[in-house]
Amino acid sequence: MSDTLEGKVVLVTGASSGIGQATALALSQAGARVAVGARRTDRLKDLAQDAPGEILVVELDVTDEQSVQDAVAATVERFGALDGVVNNAGIMLSGAILGADTTEWTRMIETNLLGSMYTVHAALPHLLESKGAVVQISSTSGRISSAAGGVYAATKFGITAFAEALRQEVTTQGVRVVVVEPGFVSTELTSHITDPNIQAAAKNMAESMRTLQPEDIAAAVVYALTQPEHVAVNEILIRPTDQTR
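Below is a summary of the structure that appears in this document. From a predicted model like this one, the values you see are computed outputs, not experimental measurements.

## Regarding the packing of helix α1 (residues 18–29) against helix α7 (residues 214–225)
Part 1: One can describe the packing of α1 onto α7 by two numbers: an axis separation of 8 Å at closest approach and a directional angle of 50°. Taken as axis vectors, α1 and α7 run oblique relative to one another. α7 is crossed by α1, and the crossing has right-handed handedness. Residues Gly-18, Ile-19, Ala-22, Thr-23, Ala-26 and Leu-27 of α1 touch α7, and the partners they reach there are Pro-214, Glu-215, Ile-217, Ala-218, Val-221, Val-222 and Leu-225.
Part 2: Taken together, the residues of the contact of α1 with α7 sort by class into 10 nonpolar, 2 polar and 1 charged.

## Some words on the layout of surface pockets
Part 1: Considered as a void within the structure, the second largest pocket measures approximately 420 Å³ in volume.
Part 2: Lining the second largest pocket we find 24 residues, and of these Lys-8, Lys-131, Arg-176, Leu-225 and Glu-229 sit closest to its centre.
Part 3: Its residues placed into classes, the lining of the second largest pocket shows 8 nonpolar, 10 polar and 6 charged.

## Observations concerning the pairing of strand β4 (residues 84–87)
Part 1: Of the two faces of β4, the one carrying Gly-84 and Val-86 and the one carrying Val-85 and Asn-87 are both buried.
Part 2: Relative to β4, strand β1 (residues 9–13) runs parallel, the two sharing 3 bridges. Counterpart to Leu-11 in the pairing with β4 is Val-85.
Part 3: With helix α4 (residues 102–130) bridging β4 and its parallel neighbour strand β5 (residues 133–137), the resulting β-α-β unit is right-handed.

The rules behind the values
Residues numbered from 1 in each chain as written. Predicted model: local features only at pLDDT ≥ 70, side-chain atom pairs only at ≥ 80, totals over all residues. Heavy atoms only, no water. Axes fitted to C-alpha atoms, helices over the stretch in contact; angles between N-to-C directions. Helix = DSSP H or I, 4+ residues; strand = E, 2+ residues; numbered from the N terminus. Parallel < 35°, antiparallel > 145°, perpendicular 65-115°, else oblique. Left-handed = near helix turned anticlockwise from the far one by under 90°. Contact = heavy atoms within 4.5 Å. Nonpolar A, V, L, I, M, F, W, Y, C, P; charged D, E, K, R; others polar. 1 Å grid on protein atoms, 1.4 Å probe; cavity = no way out; pocket = protein on both sides within 12 Å on 5 of 7 lines; lining within 4 Å. Points joined across faces, edges and corners; volume = space filled by probe spheres on them. Buried < 20%, exposed > 50% of the residue type's maximum accessible area, 1.4 Å probe, protein only. Pairing = 2+ DSSP bridges. Right-handed = clockwise from strand over helix to strand, strands pointing away.

Here is the structure:
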């Protein structure tokens, strides 16, 4: 194992906060040249100032296939290659199925699932050339679904299914596929929930345990990407010690 990604080029989606931001900084610290994508480019510019290495800021809406293609193209144009993609962009709009606002279902499916699929589709020709890696940020909800989390879980189960099919297609061509499944992480993810009762329940759950920090997940991503080329860490499940499910 090497502890450096010197010279490697990695695109991180959803990099304006939380896991994506921490991952971009950790990759930069490890020597990678990092393209950071999100809709909130003002935050990305602040991140670029904090990073120790070279950062490319790209405006990116993963629900827009053309935006994804443009971000990948800009990354390759700037750095000359693409060695890795970290699909982190996601939203969690938890709520009961009965009486749900189904536009929230659409937003989650388009962002969490289709967005990561669009990114893989655009990046894959370059990753095949570089024998690179795809990191899919999933969730414990991609293993265990819960009441009021059905659609979010469906998107995360979908990420796992897509990643396994992708792995089987490209592993013999040298591309590694990694699924990272965090438990409860201290990020702004739960702040997007529109149901006040469920948002309060999520807040109470977070307060009941020592939650993971975004840097904990970033460290796992760096670990997977710094393995020798013949080693594929395909799945990493990370829960807070205090989390029971």
